[in-house]
Amino acid sequence: MTSSSRSQKSNIEGLRKAAKQKAEETSRRAEEALSLLLSQHRPVTFKAVAETAQISTAWLYAHEDIKMRIIHLRSQQVPKAQVIVPLKSQASSSSKDTVIAALQKRVREQAEKIKELEKQLEVAYSSLYQR
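From a predicted model like this one, the values you see are computed outputs, not experimental measurements. (Residues numbered from 1 in each chain as written. Predicted model: local features only at pLDDT ≥ 70, side-chain atom pairs only at ≥ 80, totals over all residues. Heavy atoms only, no water.)

1. Here we look at unusual backbone geometry
Moving on, step 1. Positive phi, close to 55 degrees, is recorded for His41, a residue that is not glycine.
Moving on, step 2. Within the secondary structure layout, His41 lies in the loop between helix 1 (3–39) and helix 2 (46–53).
Moving on, step 3. Positive phi is not limited to glycine here, since Gln54 has a value of about 55 degrees. (Helix = DSSP H or I, 4+ residues; strand = E, 2+ residues; numbered from the N terminus.)

2. Quick notes on the nonpolar core
Moving on, step 1. If you look at the biggest cluster of nonpolar residues, it comprises 16 residues, and the most contacted ones within it are Val44, Val49, Leu60 and Ile70.
Moving on, step 2. Counting residues per element, the ones that place at least two in this core are helix 1, helix 2, helix 3 (57–62) and helix 4 (64–76).
Moving on, step 3. At 5 residues, the largest contribution of residues to this core is made by helix 2.
Moving on, step 4. Sequence-distant contacts of Leu60, defined by excluding residues within four places in its chain, comprise Ala30, Phe46, Val49, Ala50, Ile55, Ile66, Lys67 and Ile70. (Core = buried A, V, L, I, M, F, W, Y, C linked by side-chain atoms within 4.5 Å. Buried < 20%, exposed > 50% of the residue type's maximum accessible area, 1.4 Å probe, protein only. Contact = heavy atoms within 4.5 Å.)

3. Side note on the environment of Gln77
Moving on, step 1. Topologically, Gln77 is positioned in the loop between helix 4 and helix 5 (93–130).
Moving on, step 2. Given the relative accessible area of 30%, Gln77 is considered partly exposed.
Moving on, step 3. Distance from Gln77 to Arg42, taken between C-alpha atoms, is 9.5 Å for residues 35 residues apart in sequence.
Moving on, step 4. With near-sequence residues (within four places) excluded, Gln77 lies in contact with Arg42, Pro43 and Val44.

4. Brief notes about the packing of aromatic side chains
Moving on, step 1. With the rule as written, the count across this model stands at 1 aromatic pair.
Moving on, step 2. Between the aromatic rings of Phe46 and Tyr61, the centroid separation amounts to 4.1 Å while the plane-to-plane angle is 15 degrees, which identifies the pairing as stacked. Taken together, the residues Phe46 in helix 2 and Tyr61 in helix 3 connect sequence positions 15 residues apart.
Moving on, step 3. A relative accessible area of 4% places Phe46 in the buried class. (Phe/Tyr/Trp six-rings, centres within 6.5 Å; stacked < 30°, edge-to-face > 60°.)

5. Details of the pattern of salt bridges
Moving on, step 1. Going through the model one piece at a time under the given rule, you end up with 4 salt bridges.
Moving on, step 2. One salt bridge connects Glu25 with Arg28, and the closest N-O pair in it is separated by 2.3 Å. Here the residue Glu25 and the residue Arg28 both occupy positions in helix 1, the gap between them amounting to 3 residues, near one helical turn.
Moving on, step 3. Owing to a relative accessible area of 31%, Glu25 belongs among the partly exposed residues under this scheme. (Salt bridge = Lys/Arg side-chain N within 4 Å of Asp/Glu carboxyl O.)

Structure representation (structure tokens):
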């Protein structure tokens, strides 16, 4: 083995070691971000983890164990409370019926108007055709 092939081999090993170290560091930052989000009771999403850990969302999706953990934690989160309109503020059924009747009347009037305009258009076309 020549000295240049030995130095290339050791250089490759150095690159592999650096890549492995970088991957471990990124995994550690992702885990720390998950812990931080949970301790602060913030929503666990891919975007939140990526921003907190300063890594890409693509990296999170590419690593199945972290991806599944985020999905699992996200599914356990309690959805935000829905806004409940007080009964006093809700429309009564009679007012809803009134609105529905008004809208139905408006639809009928517009249908009649459309029929009238179609008749006028037909007359105009026939007069143009006769010329």
